Amino acid sequence: MIGFFLKKALYDGWDTLLSILALNVVFLSVAFGGFILVDRFARLPPVAVLAGALTVSALGILALALSFSFARVAAYKTFSWKELPNDLRAAVPHGIVLAVSACLLAAVFSVALPYYRALGGRVGFALFALMLWLALVLLLSLQWLLPIRAQLDRRFIKSVKKSFVIFFDNPG
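These figures come from a predicted structure and were not determined experimentally. (Residues numbered from 1 in each chain as written. Predicted model: local features only at pLDDT ≥ 70, side-chain atom pairs only at ≥ 80, totals over all residues. Heavy atoms only, no water.)

**Topic: a nonpolar patch on the surface**
Applicable threshold: A residue counts toward a patch only above 30% relative accessible area and without a salt bridge, and it is joined to like-charged neighbours within 9 Å or, for Val, Leu, Ile, Met, Phe, Trp and Tyr, to nonpolar neighbours within 5 Å. To be clear on the numbers: accessible area is Shrake-Rupley with a 1.4 Å probe, and residue cover counts the displayed protein chains and nothing else. Here, a salt bridge means any side-chain nitrogen of Lys or Arg that lies within 4 Å of a carboxyl oxygen of Asp or Glu. Remark: exposure states derive from per-residue accessible area (1.4 Å probe, protein chains only) relative to the maximum for the residue type, with buried under 20%, exposed over 50%, and partly exposed in between.
On the surface, a cluster of nonpolar side chains totalling about 470 Å² of accessible area is made up of Trp14, Leu17, Leu18 and Leu21. Leu17 gets classed as partly exposed once you look at its relative accessible area, which sits at 33%.

**Comments concerning the confidence of the model for the chain**
Rule in force here: What pLDDT reports is the predictor's confidence in each residue, on a scale of 0 through 100. Helix and strand assignments come from DSSP, with helices taken as H or I runs of at least 4 residues and strands as E runs of at least 2, each series counted from the N terminus.
Looking at the chain as a whole, the pLDDT averages 88, with 99% of positions reaching at least 70. When mean pLDDT is compared element by element in the chain, helix H4 (residues 121-142) scores highest at 92, while helix H1 (residues 2-40) scores lowest at 84.

**Re helix H3 (residues 84-119)**
Operational definition: Expected helix span is given by 1.5 Å per residue-to-residue step, counting one fewer step than there are residues.
Between its first and last C-alpha atoms H3 spans 49 Å; for 36 residues at 1.5 Å apiece the expected length is 52 Å, and the two agree. Every buried residue belonging to H3 is among Leu84, Asp87, Ala91, His94, Gly95, Leu98, Ala99, Phe109, Ala112 and Leu113, and all of these are buried. Note on H3: the residue one or two positions beyond its end, Gly120, has a positive phi of about 75 degrees.

**Topic: the pattern of salt bridges**
Scanning the model with the defined rule gives 2 salt bridges in all. For Arg72, the salt bridge is made with Glu83, and the minimal N-O distance between the two is 2.5 Å. With Arg72 in helix H2 (residues 45-74) and Glu83 in the loop between H2 and H3, the pair connects residues that are 11 residues apart, well separated along the chain. When its relative accessible area of 30% is taken as the criterion, Glu83 is described as partly exposed.

**A word on the side chain of Arg149**
Short version of the rule: Throughout this description, a polar contact denotes any pair of N or O atoms lying within 3.5 Å of each other; where both atoms belong to protein, one of them has to be capable of donating a hydrogen while the other can accept it, and for residues adjacent in sequence the pair is counted only when both atoms sit in side chains. Contact definition: two residues touch when any of their heavy atoms are within 4.5 Å.
Along the chain, Arg149 falls in helix H5 (residues 145-151). Judged by relative accessible area, Arg149 falls into the buried class, the value being 4%. One polar contact links Arg149 to His94, side chain to side chain, over a distance of 2.6 Å. In contact with Arg149, not counting residues within four places along its chain, are Leu64, Phe68, Ala90, His94, Arg154 and Ser159.

**What to know about the environment of Leu66**
Counting through the fold element by element, Leu66 comes out in helix H2. Overall, Leu66 belongs to the buried group, its relative accessible area being 9%. Distance in space between the C-alpha atoms of Leu66 and Leu84 is 7.8 Å, their sequence separation being 18 residues. Sequence-distant contacts of Leu66, that is, excluding residues within four places in its chain, are made with Leu23, Phe27 and Leu84.

As structure tokens, this is what we get:
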């Protein structure tokens, strides 16, 4: 029986291997293309910021759409390129929210961490450590967001809450 499950896992993985590779190439192409575009327009800050925002939004939408597609693969269904446009349409609102949230968190921590570190003293060190641990907890908790959103609940806030519950339930 164990051999059967190993064979099934191998064959299911092999069936979707080319799709996984192709979608990774698409995701990385969007990421690199967008950030190269940001680099090209670095002398025009408004255009560079707009290009960065569009790139991060596209990555958020694409990540959420791919999590929908691979949730079906995890449920032992086949991957279909025909369902990808529907997944992209379903991922637009929450993908943008995910991208904006990630950008806001990155902005807050990129300002707060150096500020509290430069503050010095015990209070500065304590606030720096608190912000560092908060950033770590957020990063480790939000890694569960995409699978939860794809498999359990379609509401964004409820998915965020569930990702924190999973993180704090499984600290070890």
